Amino acid sequence: MVRSLLLFLWLLILSRCSLAGYKIKSITQDTNGNIDARLDLLSPTSTYGPDIKELQLTVSYESQDRLRVHITDSSSPRWEVPASLVPRLPPTKNGSASVSKLQFSYTRDPFTFAILRRSSQELLFSSTPGLTFKDQYLEISTTLPSNASLYGLGESTRTAGFRLVPDSTYTLWASDTPSQETNKNLYASWPFYLDARLSGASHGVFLLNSNAMDVELAEERLTYKAVGGVLDFSFFAGPSPLEVVQQLTDMVGKPAPMPYWSLGFHQCRYGYKNVEELQDVVEKYKSARIPLEVMWSDIDYMDAFKDFTLDPINYPQSKMDDFVKQLHANDQKYVIIIDPGIKVERNYSSYERAKALEIFVKDLHGEPYLAQVWPGPVHFPDFLHPKTASYWTSEISNFHKILPFDGLWIDMNEASNFCTGVSCLLPPNVTKPCLTTCCLICTENSISKWDNPPFAVNNNAVRNRIGSKTMAASAAHHGGVLEYDAHNLYGLSEAIATSSALKSVLKTRPFMLSRSTFVGSGRVTAHWSGDNGATWDDLRYSIVSVLNSGLVGIPMVGADICGFLGNTTEELCNRWIQAGAFYPFSRNHNGFNAVSQELYLWKSVTQSARTVLSLRYRLLPHLYTLFYEACLKGSPVARPVFFAFPKDPAALGVETQFMLGSSILVSPVLVEGARELQAYFPKGNWYSLFNYSQVILSPGSTFILPATLDSTNVHVRGGSILAMQDAAMTTAAARKTAFTLLVAFPGEEEDDNLNASGSVFLDSGEDLEMKLEQGSATLVEFAAKKVGNRLSVKSRVSYGEFALQQKWIISKVVVLGLGSFALDKQQQELVKGKILLPQSADHVEEVNELNLPLGKPFHISLKMASYQ
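Residues numbered from 1 in each chain as written. Predicted model: local features only at pLDDT ≥ 70, side-chain atom pairs only at ≥ 80, totals over all residues. Heavy atoms only, no water.

Draft legend 1. Representation of the nonpolar core. One finds Leu-194, Met-295, Tyr-334, Phe-511, Leu-599 and Leu-689 to be the most contacted residues of the largest nonpolar core, which totals 198 residues. Residues in contact with Phe-511, not counting those within four places in the same chain, are Met-258, Pro-259, Trp-261, Ser-262, Trp-296, Val-335, Gly-407, Leu-408, Leu-502, Ala-526, Met-556 and Phe-585. Leu-102, Phe-104, Ile-140 and Tyr-170 belong to the second-largest nonpolar core, a separate cluster that totals 44 residues. (Core = buried A, V, L, I, M, F, W, Y, C linked by side-chain atoms within 4.5 Å. Buried < 20%, exposed > 50% of the residue type's maximum accessible area, 1.4 Å probe, protein only. Contact = heavy atoms within 4.5 Å.)

Draft legend 2. The arrangement of the sheet that holds strand β22 (residues 376-379) in detail. If you walk across this open sheet you meet the three strands as β20-β22-β21, and the pairing is antiparallel. The open sheet has two free edges, formed respectively by β20 (342-343) and β21 (371-373), since each of these has just one partner strand. Two elements, β21 and β22, share three bridges in a ladder whose sense is antiparallel. Pairing of Ala-371 across the sheet is with Val-378, part of β22. (Pairing = 2+ DSSP bridges. Helix = DSSP H or I, 4+ residues; strand = E, 2+ residues; numbered from the N terminus.)

Draft legend 3. A look at the state of the cysteines. Applying the stated rule across the entire model yields four disulfides. Note on cysteine connectivity: Cys-424 is disulfide-linked to Cys-442, with sulfurs 2.1 Å apart. Around the S-S axis, the bridge from Cys-424 to Cys-442 shows a dihedral of about 105° and counts as right-handed. Of this pair, Cys-424 sits in strand β24 (residues 423-425) while Cys-442 sits in strand β25 (residues 441-443), and the two are 18 residues apart along the sequence. The exposure class of Cys-424 is buried, given its relative accessible area of 8%. Take Cys-442: its relative accessible area is 27%, and that puts it in the partly exposed class. Disulfides within the protein link the bonded cysteines, taken in sequence order, as 1-4, 2-6, 3-5, 7-8. (Disulfide = S-S within 2.5 Å.)

Draft legend 4. Geometry of the pattern of salt bridges. Tallied over the entire structure, the rule returns 34 salt bridges. In this structure, Arg-675 engages Glu-571 in a salt bridge whose closest nitrogen and oxygen atoms are separated by 3.6 Å. Of this pair, Arg-675 sits in the loop between β33 (664-667) and β34 (676-681) while Glu-571 sits in helix α10 (residues 570-580), placing them 104 residues apart in sequence. The network of salt bridges with common partners includes Asp-176, Asp-411, Glu-414, Arg-515 and Asp-531. (Salt bridge = Lys/Arg side-chain N within 4 Å of Asp/Glu carboxyl O.)

Draft legend 5. Summary view of the sheet that holds strand β27 (residues 526-528). Taken in spatial order, the nine strands make up an open sheet running β28-β27-β26-β23-β19-β18-β17-β30-β29, and their pairing is parallel. Both edges of this open sheet fall to β28 (557-558) and β29 (560-561), since each of them pairs with a single strand only. As paired strands, β29 and strand β30 (residues 586-588) are joined by two bridges and run parallel to one another. What sits directly across from Ile-561, in β30, is Asn-588. The sheet strands contacting helix α4 (residues 317-329) are β18 (294-297) and β19 (333-338), and the helix crosses β19 at an angle near 135°. (Axes fitted to C-alpha atoms, helices over the stretch in contact; angles between N-to-C directions.)

Draft legend 6. View of the side chain of Arg-515. Summarising the element assignment, Arg-515 is placed in the loop between β26 (512-514) and β27. With relative accessibility at 1%, the residue Arg-515 sits in the buried group. A polar side-chain atom of Arg-515 sits 3.3 Å from a polar atom in the side chain of Asp-176. Non-local contacts of Arg-515, meaning those with residues more than four positions away in its chain, are made with Asp-176, Tyr-187, Ile-410, Asp-411, Met-412, Asn-413, Glu-414, Ser-416, His-527, Trp-528 and Asp-531. (Polar contact = N/O pair within 3.5 Å; in protein donor to acceptor, adjacent residues only side chain to side chain.)

Draft legend 7. Focus on the packing of helix α9 (residues 536-551) against α10. One way to put it is that α9 packs onto α10 with a least axis distance of 10 Å and a crossing angle of 5°. Regarding the angle of α9 to α10, the classification is roughly parallel. Across from Trp-536, Asp-538, Leu-539 and Ser-542 in α9, the residues of α10 making contact are Glu-571, Leu-572, Arg-575, Trp-576 and Ala-579. For the contact of α9 with α10, a count of residues per class yields five nonpolar, one polar and three charged. (Parallel < 35°, antiparallel > 145°, perpendicular 65-115°, else oblique. Nonpolar A, V, L, I, M, F, W, Y, C, P; charged D, E, K, R; others polar.)

Draft legend 8. Geometry of the environment of Ser-76. Along the chain, Ser-76 falls in the loop between β4 (66-73) and β5 (102-107). For the pair formed by Ser-76 and Ile-52, sequence separation is 24 residues and the distance between their alpha carbons is 9.8 Å.

Pasting the structure below:
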């Protein structure tokens with residue numbers, strides 16, 4: 001804290017010596033401490049264009065945990081992210097400086113500001129002199145302490161890992177760049193970071209700006225460089241990292257509820273040739289006794305890759321109807337892909353209807369912007385246009401009558417374009433399919449300041465123009481909104497329209513997967529990491545991708561298991577399913593020219609898939625409860641280890657393991673040829689979920705774990721209670737089985753007083769809303785206690801009627817941690833060192849044949865035998 005105060009005082013001294021930036025001209029403050037001020041330019045500069053001479057500063061204490069700092073042009077309105085896409089919350093009743101956990105301070109000449117944690121006066125954000133605000137260039141910097149650990153600022157595949165590293169530039173501009181390519185901007189724009197300090201306190205910083213930007217991280221400084229918009233910062237007090245994410249989602253929207261079936265295992269590939277091949281894959285999964293919940297189709301099913309069509313030869317409607325009916329009869333589901341580009345083709349009904357409505361994005365000449373994607377020449381629907389939502393709903397509804405799919409996968413929505421140009425024309429004739437080679441006649445003759453802004457962000461790591469392989473930045477949406485401003489929101493706007501359409505058509509909880517996202521997309525869609533590679537590096541990167549998505553309120557996330565681009569191997573696919581079985585979204589998917597990689601193709605992969613997916617399906621009630629917590633509070637499902645252990649400095653650097661909630665630790669093998677694994681375990685008792693007799697007694701250290709090809713490491717934390725059901729081939733079948741309570745006690749053998757707790761949320765899994773109410777949902781909270789030689793396990797039930805209607809029972813309680821953890825002399829010596837080994841112990845107790853109704857409170861009290 002002393003260092004932070006000294007740093008701030010030094011900045012005050014520096015501010016007196018600098019003429020760059022702005023000074024406060026006038027300032028007012030209301031009774032709640034909210035500030036309105038006018039800022040005057042100190043010294044004009046010509047780099048990147050003329051400065052805006054006067055700015056408006058607004059500081060709002062919006063809640064106890066959230067403070068907003070908004071800076072814009074005082075005389076002319078500027079582009080800001082529409083509230084219809086990213087909500088703005090009004091200040092709460094307790095939104096005032098007197099009760100806020102955050103504190104705003106400032107200097108007048110030149111203007112700088114700082115955000116402090118009120119309780120400790122720790123400096124969280126401190127702008128430096130030199131604020132720059134031009135029409136097409138905004139720059140602001142903050143100092144950082146040396147003990148800051150930053151996470152976020154996605155989306156990119158990072159060789160350095162989860163924690164942000166100095167001397168790096170993070171570019172935020174949605175791009176159809178394969179996630180196999182490292183350290184480049186990918187499909188999403190997430191201008192949010194979480195700062196975790198060694199004290200255990202965390203805070204969050206969200207810049208609500210959708211324009212292209214670079215965020216540059218130096219040793220003790222972070223700098224934003226955006227090409228437009230406003231500076232609209234929201235600061236979140238935490239102080240726990242979990243609370244930071246919850247506070248962010250208070251603002252941008254809580255994650256959407258996911259249907260129960262979406263938590264099962266999914267299979268897809270680009271290149272299934274016909275419906276018979278789909279049927280064959282489904283049958284082979286069944287024969288191999290590997291659970292398969294959802295079958296997917298990439299663009300193969302379409303007629304010439306056109307949305308809302310079926311290939312009449314390879315995927316005829318009659319056969320597709322039979323195929324989907326059979327899936328549904330087996331309690332399985334079907335999800336299909338659609339891309340936003342609508343092919344320019346006469347008599348193609350989806351095109352003709354959109355053309356008549358005049359809802360396409362337009363080029364700078366006022367004509368529908370012409371691009372090229374898989375079907376050839378396309379126009380893009382403008383999802384900011386008020387007529388587009390009803391058009392999109394109608395197209396989805398009409399096609400659902402032809403093909404009764406269960407969910408939609410919206411891809412290529414950055415938007416991707418195989419051509420680059422300010423405007424393009426159709427060629428006079430094309431003799432063969434173009435696919436990914438641009439066949440349009442594109443020109444840069446009318447290039448505007450929007451297409452070529454004075455500051456070039458590090459697009460694709462080579463400072464490509466922002467219109468490269470997407471719509472031109474000068475293209476216009478409804479109301480004159482430029483693609484320059486709204487590009488990063490295209491995927492979100494399409495997802496909002498698609499979610500609304502699915503609710504209208506299906507009348508049940510929708511499932512949708514989107515490639516391009518923005519902060520707030522989680523309230524309508526799931527996400528995956530895109531076109532990864534079938535490499536060991538990509539397997540390792542997938543952990544970071546999953547964790548980064550959860551930071552911004554998109555908890556339903558995964559990576560293509562076994563890899564999308566290139567040929568996988570048996571060992572890689574084996575290790576990938578061992579990890580991917582525990583992604584929140586678990587799907588095997590690969591590319592057109594790659595070898596097949598269905599899980600039944602190799603004996604070792606088949607065995608691993610049965611093992612890990614069996615555990616996933618047993619954990620479905622717990623996993624679904626984590627999604628209820630996500631929907632209710634905004635909590636990530638897959639979490640960094642430090643989220644559960646914020647005061648453990650070693651946890652800040654754990655990047656190859658992840659937690660499901662705060663109870664389950666997944667430690668996958670990510671290295672080729674490895675037969676042992678180094679994994680960090682925070683302080684506590686950790687029990688293997690594959691072998692309850694294996695326990696790790698950790699003081700907070702690294703362990704060497706066995707990692708044979710047929711095994712993986714998933715542990716439950718002492719102090720937890722997990723509600724589990726039996727494994728099955730589908731989620732519907734698993735839901736019909738009895739419950740087992742797994743009680744894992746913490747502490748050492750000499751502890752006489754041990755406690756554990758957990759909960760389970762249950763509803764139909766299909767209702768539009770995921771909420772606790774009488775007759776449609778049940779919440780059961782469990783508590784276990786060991787005092788001396790007596791064991792007590794009890795439940796508290798909220799709205800038990802639903803669980804009673806389903807006739808769910810608890811048939812068994814398994815208790816871990818009751819017996820002796822006696823270690824031999826050699827093992828006790830190891831405990832004192834840095835590297836530890838897992839121990840076997842006689843500590844498992846089972847209480848069987850209980851037949852307790854889950855929907856009624858119960859209390860089990862047992863006198864235990866003496867353990868030696």
